[in-house]
Amino acid sequence: MMHARWMGLALVTALAACGSEDTVAERKADAAKDVAMVKRMSKAPFEPIIPQPIADVDMERYGLSHRGCRFTAKGDKDPIFVAGPDEGFMIVPPDLDRYAARTTSAELPGGAHSTYTGLENWLDIIRLPDDETGGDAVNWPARIMLHDAQERVAFMADGMMDCTPPDAE
């Protein structure tokens, strides 16, 4: 009889252990879901960035007319980014944002660099093929991509980089 009691107790313990394994697995799954939810919730909602063209009056006001290259999006007459060998500028309303050239990035014609880093975002300049545009060392087709702090593309435009020195205009 004693042996039957031990067998019954062993059976109950074994069944209880099986239930606790499921509980541990369920707790791990719940914890993983919670972590995923916190990660999703900690990302700021996506907001596109719409730069404002830099008018001649702004170029003079901020002292940008003598700086390196200017990126002008297709269809615009004023540049949206002014790129120099050390820094670049863009108006993201209401502010003029300053970007540091990543000097380890590729150097592009006219002394511009391919990457500029700001306080809250960064910008890539990609030289596009010169087909049909007559691009040369001072004027060349480009794409500009502005990334937000979470590495999402917040703005992108194709256009032309003009690296003509201001006194040559």
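Higher on the page you've got the structure.
Residues numbered from 1 in each chain as written. Predicted model: local features only at pLDDT ≥ 70, side-chain atom pairs only at ≥ 80, totals over all residues. Heavy atoms only, no water.

We now examine the overall build of the chain. When its secondary structure is counted, the chain shows two helices and eight strands. Mapped from its N terminus to its C terminus, the chain presents α and β elements in the order α-α-β-β-β-β-β-β-β-β. A buried classification covers 33% of the 169 residues belonging to the chain. For the chain, restricting intrachain contacts to residue pairs at least 6 apart in sequence, the fraction spanning at least 24 positions comes to 43%. Accessible surface, the chain: about 10900 Å² in total, of which carbon and sulfur atoms supply 59%. (Helix = DSSP H or I, 4+ residues; strand = E, 2+ residues; numbered from the N terminus. Buried < 20%, exposed > 50% of the residue type's maximum accessible area, 1.4 Å probe, protein only. Contact = heavy atoms within 4.5 Å. Areas by Shrake-Rupley, 256 points an atom, 1.4 Å probe, with all protein chains shown as cover.)

It is worth spelling out unusual backbone geometry at this point. Cis geometry is found at the peptide bond from Pro93 to Pro94, where omega equals 10°. Its location among the elements puts Pro94 in the loop between strand S3 (87–92) and strand S4 (95–101).

Here the focus is the sheet that holds S4. The strand order S1-S2-S3-S4-S5-S6-S7-S8 describes a closed barrel built from eight strands, whose pairing is antiparallel. Strand-to-strand twist across the sheet, computed as the mean angle between neighbouring axes with direction ignored, equals 30°. Bridging between strand S7 (residues 139–147) and strand S8 (residues 153–162) involves nine bridges; their strand directions are antiparallel. Bridge assignment links Leu146 to a residue of S8, and that residue is Phe155. (Pairing = 2+ DSSP bridges. Axes fitted to C-alpha atoms, helices over the stretch in contact; angles between N-to-C directions.)

As paired elements, strand S1 (residues 69–73) and S8 share four bridges and run antiparallel to each other. Bridge pairing links Thr72 to Met160 in S8. Here S7 folds back onto S8 in antiparallel fashion, the turn holding five residues, of which Glu151 has a positive phi close to 70°.

Pairing of strand S5 (residues 115–117) with strand S6 (residues 122–127) involves three bridges; the strand directions are antiparallel. Considered in S6, the bridge of Tyr116 is made with Leu123. Taking the residues that link successive antiparallel strands as the turn, the S5-S6 hairpin has four residues.

Right, let's get into the state of the cysteines. As enumerated under the stated definition, the model contains one disulfide in all. Linked covalently through their sulfurs, Cys69 and Cys163 form a disulfide whose S-S length is 2.0 Å. Here the disulfide of Cys69 and Cys163 is right-handed, its torsion about the S-S bond being about 110°. Of this pair, Cys69 sits in strand S1 while Cys163 sits in the segment after S8; the two residues are 94 residues apart in sequence, bridging distant segments of the chain. For the pair Cys69 and Cys163, a shared accessibility class is recorded, and that class is buried. (Disulfide = S-S within 2.5 Å.)

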